Amino acid sequence: MTSLAIILLGPPGAGKGTQAKRLGREFDFVHISTGDILRAEVQKGTALGKQAKEIMEAGELVPDSLVAEIVGGRLRSGNGKRGFLLDGFPRNLVQAEYLEGAAGDLPVFAIHIQVEEEQLFKRLTGRRHCPNCGRIYNVYFSPPEREGICNACGSALMQRKDDQPEVIRERLRVYREQTEPLVGFYASRDAYFEVDGNEGVEAVFEELSARIAQIDQSLERASR
Ligand code: AP5
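Residues numbered from 1 in each chain as written. Predicted model: local features only at pLDDT ≥ 70, side-chain atom pairs only at ≥ 80, totals over all residues. Heavy atoms only, no water.

(A) Spatial organisation of the nonpolar core. One finds I7, L38, V62, L99, V108 and Y186 to be the most contacted residues of the largest nonpolar core, which totals 29 residues. For this core, the secondary structure elements donating two or more residues are β1 (4–9), α2 (34–44), α3 (47–58), α4 (64–77), β3 (83–87), α5 (93–103), β4 (108–114) and α8 (182–187). Element by element, the count of residues in this core is highest for α4, at five residues. Setting aside its immediate chain neighbours within four residues, L99 contacts I7, L75, L86, F89, P90, V108 and Y186. Judged by nonpolar contacts, the second largest core, of 25 residues, contains L85, L120, L172 and F205. (Core = buried A, V, L, I, M, F, W, Y, C linked by side-chain atoms within 4.5 Å. Buried < 20%, exposed > 50% of the residue type's maximum accessible area, 1.4 Å probe, protein only. Helix = DSSP H or I, 4+ residues; strand = E, 2+ residues; numbered from the N terminus. Contact = heavy atoms within 4.5 Å.)

The structure is reproduced here in structure tokens:
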């Protein structure tokens, strides 16, 4: 099977992280989540984390050079695998151009997970995570068995600081202004697919899997 890079494009709360974790396992992709990597740096208190913390809490974008360095390193160290699933990168045209160069001969495709704004708000304000094992819950759609407690490890659940309503509004504004133009960027390269992300987790997973199979088939046809 041809090696490739797939970008999961979509607004905050579209379900990129939820789907990327499972797709990564099922399709043997290396999952690169810039948000997860940056949050880990913040938690460890590294120089990068210190630079990123306030920016992330305000819902703005971390400087392109910092994020590009992270992604470039992961792409270089993932050789020989089936490919990469990018979640949260690229987020603007500068990052998309960077990826074109860093990916080299690797074909790059974008799948856009589209979700209504009202649904995004509910998903983000309802999101909780376990700081110990990383499991993600949602108080509206996938609550834990005991309120505020992780089913898997019993730790107290937490809410991300950028999941406050005023920060969510800013993140959505930044998305519309900076990230949405990537739709045109990938559509003009014939490397763009859409899925309806308003459905439940399982239905969205099925749709994404079907798009990935379609991409695989088109690459195989092209290589014959
Ligand atoms: P990042 O972590 O990438 O945040 P985001 O793009 O805003 O996306 P989220 O993680 O909020 O949402 P998601 O789409 O992954 O949804 P999830 O699956 O969790 O980035 C955070 C910050 O880091 C940025 O604001 C920026 O500061 C910085 N950053 C990161 N990358 C950067 C870059 N490249 N350049 C510059 N700065 C960068 O789901 C959300 C909730 O909904 C969960 O509770 C989940 O259980 C639930 N859910 C998911 N799918 C469904 C469904 N189908 N039905 C019902 N509930 C669902």
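(B) A look at the pairing of β4. Of all seven residues in β4, six are buried; the element is thus mostly enclosed. Where β1 and β4 come together, five bridges link them in parallel fashion. Opposite A5, over in β4, you have V108 as the bridge partner. In terms of strand pairing, β4 meets strand β7 (residues 192–196) through five bridges, oriented parallel. Note that in β7 the partner of A110 across the bridge is Y192. (Pairing = 2+ DSSP bridges.)

(C) Structural detail: the site of the ligand. Taken together, 35 residues lie near the ligand, and T18, E60, R91, R127 and R171 sit nearest. G17 has a polar backbone atom sitting 2.9 Å from an oxygen atom of the ligand. Here an oxygen atom of the ligand and a backbone polar atom of Y137 are 3.0 Å apart. About the coverage of the ligand: the protein hides 96% of its 1,000 Å² of free accessible area. Elements represented by at least two residues in the shell around the ligand include exactly α1 (16–27), α2, α6 (117–125) and β6 (136–138). At four residues, α2 tops the list of elements feeding residues into the shell around the ligand. (Near = heavy atom within 4 Å. Polar contact = N/O pair within 3.5 Å; in protein donor to acceptor, adjacent residues only side chain to side chain. Areas by Shrake-Rupley, 256 points an atom, 1.4 Å probe, with all protein chains shown as cover.)

(D) Highlighting unusual backbone geometry. Cis geometry marks the peptide bond from F89 to P90, where omega comes out at 0°. Among the secondary structure elements, P90 is positioned in the loop between β3 and α5. Its identity is not glycine, yet D28 carries a phi of approximately 60°, on the positive side. Topologically, D28 is positioned in the loop between α1 and β2 (30–33).

(E) Region of the structure containing the sheet that holds β7. With respect to topology, five strands assemble into an open sheet ordered β2-β3-β1-β4-β7, the strand pairing being parallel. In this open sheet, the two strands that pair with only one neighbour each are β2 and β7. In this sheet, adjacent strand axes meet at a mean angle of 20° when their direction is disregarded. (Axes fitted to C-alpha atoms, helices over the stretch in contact; angles between N-to-C directions.)

(F) Structural view of the side chain of D87. Mapped onto the elements of the fold, D87 is located in strand β3. Look at D87: it is buried, it has no salt bridge, and the nearest opposite charge is K16 at 5.2 Å. Side chain to side chain, D87 and H31 meet in a polar contact 3.0 Å long. When near neighbours in sequence (up to four residues on either side) are disregarded, D87 contacts K16, G17, A20, H31, I32, S33 and T34. (Lys, Arg positive; Asp, Glu negative; His and termini not counted. Salt bridge = Lys/Arg side-chain N within 4 Å of Asp/Glu carboxyl O.)

(G) The arrangement of the packing of aromatic side chains in detail. Scanning the entire structure with this criterion turns up five aromatic pairs. With centroids separated by 6.4 Å and ring planes inclined at 50°, the aromatic side chains of F109 and F193 adopt a geometry described as tilted. With F109 in strand β4 and F193 in strand β7, the pair connects residues that are 84 residues apart, well separated along the chain. Assessed through its relative accessible area of 9%, F109 is described here as buried. Here F193 falls in the buried class, since its relative accessible area comes to 16%. Cation over ring: K122 sits above Y140, and NZ or CZ is 5.2 Å from the ring centre. One Lys or Arg, R189, reaches over the ring of F185 and ends 3.8 Å from the middle of that ring. (Phe/Tyr/Trp six-rings, centres within 6.5 Å; stacked < 30°, edge-to-face > 60°. Lys NZ or Arg CZ within 6 Å of the ring centre and 35° of its normal.)

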